[in-house]
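Reading the structure
So you can see what is in the structure, the chains are spelled out below.
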Amino acid sequence: QAQLVESGGGLVQAGGSLRLSCAASGRTFINYAMGWFRQAPGKEREFVATIGVSGGRTDYADVVKGRFTISRGRASSTVYLQMNSLKPEDTAVYYCAAGGYGVGLRDYYYWGQGTQVTVSS
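Keep in mind it's a predicted model, so treat the numbers as computed, not measured. (Residues numbered from 1 in each chain as written. Predicted model: local features only at pLDDT ≥ 70, side-chain atom pairs only at ≥ 80, totals over all residues. Heavy atoms only, no water.)

**Details of the state of the cysteines**
Considering all chains together, one arrives at one disulfide under this definition. Here C22 is linked by a disulfide to C96, with a sulfur-sulfur distance of 2.1 Å. Of note, the bridge from C22 to C96 carries an S-S torsion of about -80 degrees and is left-handed in sense. One end of the pair, C22, is in strand β3 (residues 18-25); the other, C96, is in strand β9 (residues 92-99), and 74 residues separate them in sequence. A residue is classified by how much of its surface remains accessible, and C22, at 2% relative accessible area, is buried. Residue classification places C96 among the buried positions, given a relative accessible area of 0%. (Disulfide = S-S within 2.5 Å. Helix = DSSP H or I, 4+ residues; strand = E, 2+ residues; numbered from the N terminus. Buried < 20%, exposed > 50% of the residue type's maximum accessible area, 1.4 Å probe, protein only.)

In structure tokens:
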């Protein structure tokens, strides 16, 4: 009955910003690491960012370092992805996930349904 729901996606001009949110329903994820992945048309789902149980440990894909920031709420019921200086190549469906901290799809056990981010030139 656990569920993750993403929100905050949309259409934005290149150079703009968006903030994605992921909310837990059915249970909390206080003992889980959280991650963000994305999938563009015709491409495999790829790692974007992850954050540890306490919120102090983070890791990012090289292509988003310096532009994206992952964070989680006080009770670890929510996780956020602040995206700045967006580029057209950031266009994808973004997915929230809960798991054991890592950069691989197999490190995560619970997944949201995704939110579309489109960056125009």
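**Remarks on the pattern of salt bridges**
Per the stated rule, a full pass over the model turns up four salt bridges. E46 is paired through a salt bridge with R38; the nearest N and O atoms lie 2.7 Å apart. The class for E46 is partly exposed, based on a relative accessible area of 37%. In this structure, the salt-bridge partner of D90 is R67, at a minimum N-O distance of 2.8 Å. Taken as a pair, D90 in the loop between β8 (78-83) and β9 and R67 in the loop between β6 (58-60) and β7 (68-72) lie far apart in primary sequence, 23 residues in all. This pair shows no difference in class: D90 is buried, exactly as R67 is. Among the ionic contacts, a cluster of salt bridges with common partners joins R38, E46, R67 and D90. (Salt bridge = Lys/Arg side-chain N within 4 Å of Asp/Glu carboxyl O.)

**Considering the packing of aromatic side chains**
Inspection of every chain in the model, using the stated rule, returns eight aromatic pairs. Here the aromatic rings of F37 and F47 are separated by 5.8 Å at their centres, their planes lie at 75 degrees, and the arrangement is edge-to-face. Taken as a pair, F37 in strand β4 (residues 33-39) and F47 in strand β5 (residues 46-51) lie far apart in primary sequence, 10 residues in all. An identical accessibility class is assigned to F37 and F47; each is buried. Taken together through their ring pairs, the aromatic side chains of F29, Y32, Y109 and Y110 make up a single cluster. For R45, the ring lying beneath its charged end belongs to W111, and the centroid distance is 5.2 Å. (Phe/Tyr/Trp six-rings, centres within 6.5 Å; stacked < 30°, edge-to-face > 60°. Lys NZ or Arg CZ within 6 Å of the ring centre and 35° of its normal.)

**Quick look at the environment of F68**
Assignment of secondary structure puts F68 in strand β7. Residue class for F68 comes out buried when judged on its relative accessible area of 3%. C-alpha of F68 to C-alpha of Y101: the two residues are 33 residues apart in sequence and 18 Å apart in space. Contacts of F68, omitting those with residues within four sequence positions, involve R38, V48, Y60, L81, Q82, M83, N84, L86, D90 and Y94. (Contact = heavy atoms within 4.5 Å.)

That is the geometry; function is a separate question.
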